[in-house]
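Chain by chain, the residues:
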Amino acid sequence: MIKQEWKNKTVVTEFILLGFGNGPELDSFLFLMFLSIYVVTITGNIFIIVLMVANRHLHTPMYFFLGNLACLEICYSSNILPRMLLGYLGGDRSISVNRCFTQYYFFGCLAAAECYLLAVMSYDRYLAVCKPLHYLSCMNSKLCLQLGAASWISGFLSNSVLTFLISNLDFCGPNEIEHFFCDSFPMIKLSCSDAHVVGLVTSVVAGVCSLPPFLLTFSSYLYIIIMIIRIPSATGRKKAFSTCSSHLIVVILFYWSILTVYVLPHHDTQTSPNKVVSVFYTILTPLVNPLIYSLRNKEVKEALQKQ
């Protein structure tokens, strides 16, 4: 909706999320697909949290961070998918400006928090594999709480400035967002203000939030892989590398998609491809994380057998 104001100025009061297309058959297919993904994501992550809380053998630093990740993924998915599902179910894809800014705020906060949390988890694995004799003394309960809290707090603080800057832009129409959720660059593109500085700040903040954690995560896994190569047993190397490679693939996909959308130079022709790339870190990562990080672990399988 676009409201006419004095001085011949129009003010947008709601946005339209275009999503992935229109049409009854396509909407029905997308609704069922994303509903299935949402149900599996929420069920898998809740299951991991309940299992880790109930089983005292999983009260270790690694599973403490995994529990934090599962909680984050639940919030992450619930911030985006329910609104998208309502749009496909009822056909109404409008969202008020305030709700759009709120969705973007929580999305950005949770995305940044996940970047930091993945880096913390990779550092935890580095200590466990490469410094096993010092692991328990280094990764004590106090440090775990501090690192977990720092990941959440840093994520929520980092996006506050961006949300403030974007919410202070003028939106005079059009009001159709070429995306399936309220994201920074699609919203900035609709602004009738000079948003060059806001776009630049968005890229800088996104780079600060994602690039250092990615380098730390990649370096940690690189050291872990080097240590795995030194394992004398071929069976042990294969098993360890299988788990490590799965973690690394998910991490690379997550950071690659984040960096592609927010840090690399943007042009109008990138809008549609970026919408598809966004699926990786908003929908697919929360879906596969419970399987990759938890359900493939030996300790989790043993805990399931004892239940």
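The structure reproduced in this document is the subject of the present report. (Residues numbered from 1 in each chain as written. Predicted model: local features only at pLDDT ≥ 70, side-chain atom pairs only at ≥ 80, totals over all residues. Heavy atoms only, no water.)

1. Here's the deal with the pattern of salt bridges
Within this structure, the stated rule accounts for three salt bridges. Arg 125 is the partner of Asp 124 in a salt bridge, and the nearest nitrogen-oxygen pair spans 3.0 Å. (Salt bridge = Lys/Arg side-chain N within 4 Å of Asp/Glu carboxyl O.)

2. Focus: the packing of helix α1 (residues 24–54) against helix α2 (residues 61–90)
It is the contact of α1 with α2, at a shortest axis distance of 9 Å, that shows an interaxial angle of 160°. What the angle tells us is that α1 and α2 run roughly antiparallel. Crossing geometry of α1 relative to α2 is assigned as left-handed. Of the residues that constitute the contact of α1 with α2, the class distribution is 21 nonpolar, five polar and two charged. (Axes fitted to C-alpha atoms, helices over the stretch in contact; angles between N-to-C directions. Helix = DSSP H or I, 4+ residues; strand = E, 2+ residues; numbered from the N terminus. Parallel < 35°, antiparallel > 145°, perpendicular 65-115°, else oblique. Left-handed = near helix turned anticlockwise from the far one by under 90°. Nonpolar A, V, L, I, M, F, W, Y, C, P; charged D, E, K, R; others polar.)

3. With respect to the packing of aromatic side chains
What characterises a pair of aromatic rings is the spacing of the ring centres plus the angle enclosed by the ring planes. Following the criterion strictly, the structure yields 22 aromatic pairs and no others. Relative to Phe 156, the ring of Phe 106 lies with its centre 6.3 Å away and its plane at 75°, an arrangement referred to as edge-to-face. In this pair, Phe 106 sits in helix α3 (residues 97–130) while Phe 156 sits in helix α5 (residues 141–167), placing the two residues 50 residues apart along the sequence. On the basis of relative accessible area, Phe 106 is assigned to the partly exposed category, the value being 36%. Note on Phe 156: relative accessible area 25%, which makes it partly exposed. Aromatic side chains Phe 107 and Tyr 262 sit 6.4 Å apart centroid to centroid with 40° between the ring planes, which places their arrangement in the tilted category. Here the residue Phe 107 occupies a position in helix α3, and Tyr 262 occupies one in helix α8 (residues 234–262), the gap between them amounting to 155 residues. When its relative accessible area of 6% is taken as the criterion, Tyr 262 is described as buried. Every member of this aromatic cluster is reached through a ring pair, and the members are Phe 20, Phe 34, Tyr 76, Tyr 88, Phe 107, Phe 180, Phe 181, Phe 185, Tyr 262 and Tyr 281. (Phe/Tyr/Trp six-rings, centres within 6.5 Å; stacked < 30°, edge-to-face > 60°. Buried < 20%, exposed > 50% of the residue type's maximum accessible area, 1.4 Å probe, protein only.)

4. Quick look at the environment of Ser 220
Tracing the sequence through the fold places Ser 220 in helix α7 (residues 196–229). Here Ser 220 falls in the buried class, since its relative accessible area comes to 4%. In this structure Ser 220 touches Ser 122, Tyr 123 and Tyr 126, once residues within four positions along its chain are discounted. Of note is the side chain of Ser 220, whose polar atom sits 2.8 Å from the backbone oxygen of Leu 216. (Contact = heavy atoms within 4.5 Å. Polar contact = N/O pair within 3.5 Å; in protein donor to acceptor, adjacent residues only side chain to side chain.)

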